[in-house]
Amino acid sequence: MTISQPSSEQALMERAWRLAGLSFAEIAQSLGLTCPPDLKRHKGWVGNLMEKALGATAGSKAEQDFRHLGIELKTLPINRYGKPLETTFVSLAPLTQTAGVVWEQSHVFHKLSKVLWIPIEGERSIPLAQRRVGAPILWQPNAQQLARLKQDWEELMEYIILGRLQEINARLGTVLQLRPKGANAKARTLGINAQGEYIETLPLGFYLRKNFTEEILQQYLQSQ
């Protein structure tokens, strides 16, 4: 079963609210899909399930999931206390052709300009089929959040532009971090070293830290 694109932001939110409280098995069944026993060999299955259920069309493209609405879709696994369980992938980091790249034209800025967060039960003690979807959160970064994201992005991009790839680690950045992002540890892409030469290196991705997504959750709860 294929769900069409939502025609408006309101239509998207209505769909998201209809999913709230449902289990993964119930959503999968409504779409004619089978819920796997676990995520060991099905990484990304939950995100794909939400995309199908909400009518997202971007898939793995660099554009927003609901491009016509200017909205990105992100699932957020949380524990029983409502705390995020993992960092959130935003986009791949450009490792070449970085001259003149500015924050306002970056994929990170574009993807995070408006996000539909779908909190999901993520504790491994809960069988995958029984895990439930939470209340949707439509979020736009406020001025302070944007400033922190921009500062981290610019500092992290400086390492890339200057060819200091070997110095990049997950401790850099307060709300954003750069981490390897590939199908496996053998994945390689082109980068540039400090001498301006092309080299083979690990693909890197921008991730939101858990403290930042927890802040988004708290911000939502306080507004209710």
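Before reading further, recall that the structure is shown in the block above.
Quick caveat: nothing in here was measured; it's all calculated off a predicted structure.

**Section: the sheet that holds strand β2 (residues 88-92)**
Inference 1: An order of β2-β8-β5 is seen for the three strands of this open sheet, with the pairing classed as antiparallel. In this open sheet, the two strands that pair with only one neighbour each are β2 and β5 (176-180). Neighbouring strand axes in the sheet, compared pairwise and without regard to direction, differ in orientation by 35° on average.
Inference 2: Pairing of β5 with strand β8 (residues 204-208) involves five bridges; the strand directions are antiparallel. Each bridged residue has a counterpart across the sheet, and for proline 180 the counterpart in β8 is leucine 204.
Inference 3: Against the sheet, helix α5 (residues 143-161) touches β5 and β8, its axis set at about 35° to β5.

**Some words on the pattern of salt bridges**
Any two side chains of opposite charge can pair, given that their charged atoms come close.
Inference 1: In total, this model carries nine salt bridges according to the counting rule given.
Inference 2: Residue arginine 80 is joined to glutamate 123 by a salt bridge in which the shortest nitrogen-to-oxygen separation is 3.1 Å. Of the two residues, arginine 80 is situated in the loop between β1 (72-78) and β2 and glutamate 123 in the loop between β3 (115-121) and β4 (137-139); the sequence distance between them amounts to 43 residues.
Inference 3: The class of glutamate 123 is buried, set by a relative accessible area of 14%.
Inference 4: Taking the shortest distance from any N to any O, the salt bridge between glutamate 104 and lysine 150 comes out at 3.7 Å. Of this pair, glutamate 104 sits in the loop between β2 and α4 (107-111) while lysine 150 sits in helix α5, and the two are 46 residues apart along the sequence.
Inference 5: Salt bridges sharing partners connect three or more residues here, namely Glu72, Lys74 and Lys111.

The rules we used
- As a convention, each chain's residues are numbered from 1 in the sequence order in which they are written.
- Under the rules for a predicted model, residues below a pLDDT of 70 receive no local features and side-chain atom pairs below 80 are neither given nor counted, while totals for whole chains, interfaces and linings still include all residues.
- The side-chain values count all of the structure's non-hydrogen atoms but skip hydrogen atoms and water molecules.
- Strand pairing follows a simple DSSP-based rule, namely that at least 2 bridges must link the two strands.
- By the criteria applied, helices consist of DSSP H or I runs no shorter than four residues and strands consist of E runs no shorter than two, each listed in order from the N terminus.
- Note on definitions: angles span 0 to 180 degrees between N-to-C directions of axes, and those axes are lines fitted to C-alpha atoms, for helices only across the stretch in contact.
- We call two residues in contact when some of their heavy atoms are within 4.5 Å.
- For salt bridges, the criterion is a side-chain nitrogen of Lys or Arg within 4 Å of an Asp or Glu carboxyl oxygen.
- In this scheme, a residue with accessible area under 20% of its type's maximum is buried, one over 50% is exposed, and one in between is partly exposed, where area comes from a 1.4 Å probe on protein chains only.

Nothing here speaks to function; it is all geometry.
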